[in-house]
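# What the coordinates show
The lines below spell out each chain.
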Protein chains: 2
Amino acid sequence: MDIRKFLLSTFLFDSFSEKEIDLLVNFASIKKVNKGEQIFSEGQEASAFFIVISGKVKIYKLSPDGKEHTLHIHGKGETVAEAAIFDSMDYPASCMAIEDSVLVRISREGILSLIRKYPELAFKMMSGYSRRLRQFVQKIEELSLKDIKSRLAGYLLENSFEEGGALIYNLSCSKKEIASLLGTIPETLSRALAFLKQKNLISEKNNTIIIKDPEKLKLFSG
Amino acid sequence: MDIRKFLLSTFLFDSFSEKEIDLLVNFASIKKVNKGEQIFSEGQEASAFFIVISGKVKIYKLSPDGKEHTLHIHGKGETVAEAAIFDSMDYPASCMAIEDSVLVRISREGILSLIRKYPELAFKMMSGYSRRLRQFVQKIEELSLKDIKSRLAGYLLENSFEEGGALIYNLSCSKKEIASLLGTIPETLSRALAFLKQKNLISEKNNTIIIKDPEKLKLFSG
DNA sequence: AAGAGTCTTTGACTTAAATCAATAAAGCGT
DNA sequence: ACGCTTTATTGATTTAAGTCAAAGACTCTT
């Protein structure tokens, strides 16, 4: 298992050179967690951030009445909690494995000392931050001015891939989780999916959604 | 408009010291553009990035058949094209003012040389990115699990200040803008305000909102 | 294979907020 | 001051999405 390759696939480090990645690896370690295991909790001191090698973890917050809202699900190659490192000493949300997972842990002190020594690395990371920020802005826009059907259509197009000439989305996590990602509840997602099926834009079997008419779906996501 | 003050109010530079801002200002200039004026074009060398002081600009791409597609609209306080700067790349899309606008222009070479010389500035900037990210996380949370009345109550408490023993919120911008900030429309904001007034939690006169009962309002924002 | 448990779907209902529409009030330029 | 435009409020209606409830499908365990 080559940690370097994974680091190069994250938005924060994808423009690092091999040598720069080697420097980074000095501060990285492997962390294995079981499904349901807590990785960190909201309010804890942020001593490190993580990158998922395999499995899936969710970032979530609890609302005052104890309801859980998933902000993000991180899969293979994605970074977790890097925002907490430079700003607060505390994690701004909680993180839990939703599958047995393997993570790279990068220590806060490690990454900070590295940037002090090699400021060029900061340029590359800031470019990554900038991109991440735009993702959030887009999510807020979508939440406030698109309905569920549009958000679902956009999500499917965004996360599908081509396979044998057809656009495929793999239902790798539960619809409950997807609903939460889209800022809604399972019932509503279920109805939205039914609607798109009924319009013959998608079909579903064996935990995969087949996008039958990407063009029309794109119109919907508008 | 004092560039220093403005820069200190942006998320990217708000933790800079006076001296650091002075260094930055050496590479900053004001750029005024009229509605419809081009700010940069796709493929040009990215020689600078911008922060919007007033007005609005759009980021757009032209498809091969000449059709324009708006990717994003940036308003006051937002950064434009900074990813391209850190990537040392060409502008990946074009930018045009859609209103008469005023921007700060910060040269690529300027900001890069500054960070090379003072790597600590990169921490402050990344910390700025982090804080902004957390703001967005919070905004997403509020949008998905609070109703307008709660969001308004929270917003008022968040943005009010004490004056003569009373909590005051100054209506410095139009209610239209506040509505947009809260992710709703003026009519709904108007009704939410009326509701809070009717509950005797707030009152309004002369473009100021007086929070008469902060404790009860706090309960509402929960 | 049977039972317990969670997911998922579907239906009936409720509610928050958007839309549509019509005034009223406040700015602004001449 | 006068129109003219933009902004703000209020009412009636519609709609999207949440809630509640029930049943079917799917795991997992024993």
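All figures in this text were calculated on a predicted structure; none of them were measured in a lab.

### Regarding the protein's contact with DNA strand C
Near DNA strand C, the surroundings consist of 15 residues, among which Lys 175 of chain A together with Asp 147, Ile 148, Thr 184 and Thr 188 of chain B are the closest. When atoms of DNA strand C within 4 Å of the protein are split into backbone and base, the sugar-phosphate part holds 67%. Taking Arg 191 of chain B, its side chain carries an N or O atom lying 3.2 Å from a base oxygen of DNA strand C. Looking at the surface near DNA strand C, the elements with two or more residues in it are helix H7 (175-181) and helix H8 (186-198) of chain A together with helix H8 (186-198) of chain B.

### Considering the pattern of salt bridges
Counting across every chain of the model gives 18 salt bridges over all chains. A salt bridge links Glu 20 of chain B to Lys 124 of chain B; the nearest nitrogen and oxygen atoms lie 3.1 Å apart. Of this pair, Glu 20 of chain B sits in helix H2 (residues 18-25) while Lys 124 of chain B is found in helix H5 (residues 120-145), placing the two residues 104 residues apart along the sequence. Here Glu 20 of chain B falls in the buried class, since its relative accessible area comes to 17%. Notably, a salt bridge pairs Glu 109 of chain B with Arg 108 of chain B, separated by 2.8 Å at the nearest N-O pair. Since its relative accessible area comes to 46%, Glu 109 of chain B is described here as partly exposed. Several salt bridges share partner residues, and in doing so they unite Asp 2, Arg 4 and Asp 22 of chain A into one network.

### Considerations on H2 of chain B
All names here are of chain B. The set of residues buried in H2 consists of Glu 20, Ile 21, Leu 24 and Val 25. Seen from one end, H2 has its buried residues packed into an arc of 140°, which puts them on one side. In this fold, the buried residues of H2 make contact with helix H1 (3-8), strand E1 (28-33), strand E8 (101-107), helix H4 (108-117) and H5.

### Let's talk about the domain arrangement of chain A
Residues and elements named next belong to chain A. By domain assignment, chain A separates into domain 1 (3-138) and domain 2 (146-221). Relative to domain 2, the C-alpha centre of domain 1 lies at a distance of 27 Å. Counting from both sides, the interface comprises nine residues of domain 1 and, opposite them, six residues of domain 2. Here domain 1 packs against domain 2, burying approximately 570 Å² in sum over the two surfaces, 52% of which is carbon and sulfur. The tally of links between domain 1 and domain 2 comes to zero salt bridges. Summed over the shared surface of domain 1 and domain 2, the result is zero residue pairs in polar contact (both at pLDDT 80 or more). With five residues, the top contributor of residues to the side of domain 1 that touches domain 2 is strand E5 (residues 68-74). By residue class, the composition of the side of domain 1 that touches domain 2 is three nonpolar, three polar and three charged.

### Details of the sheet that holds strand E10 (residues 166-170) of chain A
All names here are of chain A. Spatial strand order, E9-E10-E12-E11: four strands in an open sheet with antiparallel pairing. Among the strands making up the open sheet, the edge pair consists of strand E9 (161-163) and strand E11 (202-205). Averaged over all neighbouring strand pairs, the angle between strand axes comes to 35°, with direction disregarded. Bridge count between E9 and E10: three bridges; the pairing is antiparallel.

### Notes on the interface of chain B and chain A
With 32 residues of chain B at the contact, the number on the chain A side is 33 residues. Interface area for chain B against chain A, summed over the two sides, is near 3,300 Å², with a carbon-plus-sulfur share of 77%. The largest per-residue losses of area from chain B upon contact with chain A belong to Met 126, Leu 133 and Ile 140 of chain B, which jointly make up 20% of the total buried on that side. Linking chain B with chain A are two salt bridges, by the criterion used here. Where chain B touches chain A, the interface holds four residue pairs in polar contact (both at pLDDT 80 or more). At the level of elements, helix H3 (82-86), H4 and H5 of chain B are the ones that each hand at least two residues to the side of chain B that touches chain A. Looking at the side of chain B that touches chain A element by element, the count peaks at 20 residues for H5 of chain B. Tallied by class, residues from the side of chain B that touches chain A come to 17 nonpolar, six polar and nine charged.

Parameters at a glance
Residues numbered from 1 in each chain as written. Chains lettered and ligands numbered in written order. Predicted model: local features only at pLDDT ≥ 70, side-chain atom pairs only at ≥ 80, totals over all residues. Heavy atoms only, no water. Near = heavy atom within 4 Å. Polar contact = N/O pair within 3.5 Å; in protein donor to acceptor, adjacent residues only side chain to side chain. Helix = DSSP H or I, 4+ residues; strand = E, 2+ residues; numbered from the N terminus. Salt bridge = Lys/Arg side-chain N within 4 Å of Asp/Glu carboxyl O. Buried < 20%, exposed > 50% of the residue type's maximum accessible area, 1.4 Å probe, protein only. Arc of directions from axis to C-beta. Contact = heavy atoms within 4.5 Å. Domains from an automatic or database assignment. Buried area = accessible area lost by both parts, 1.4 Å probe. Nonpolar A, V, L, I, M, F, W, Y, C, P; charged D, E, K, R; others polar. Pairing = 2+ DSSP bridges. Axes fitted to C-alpha atoms, helices over the stretch in contact; angles between N-to-C directions.

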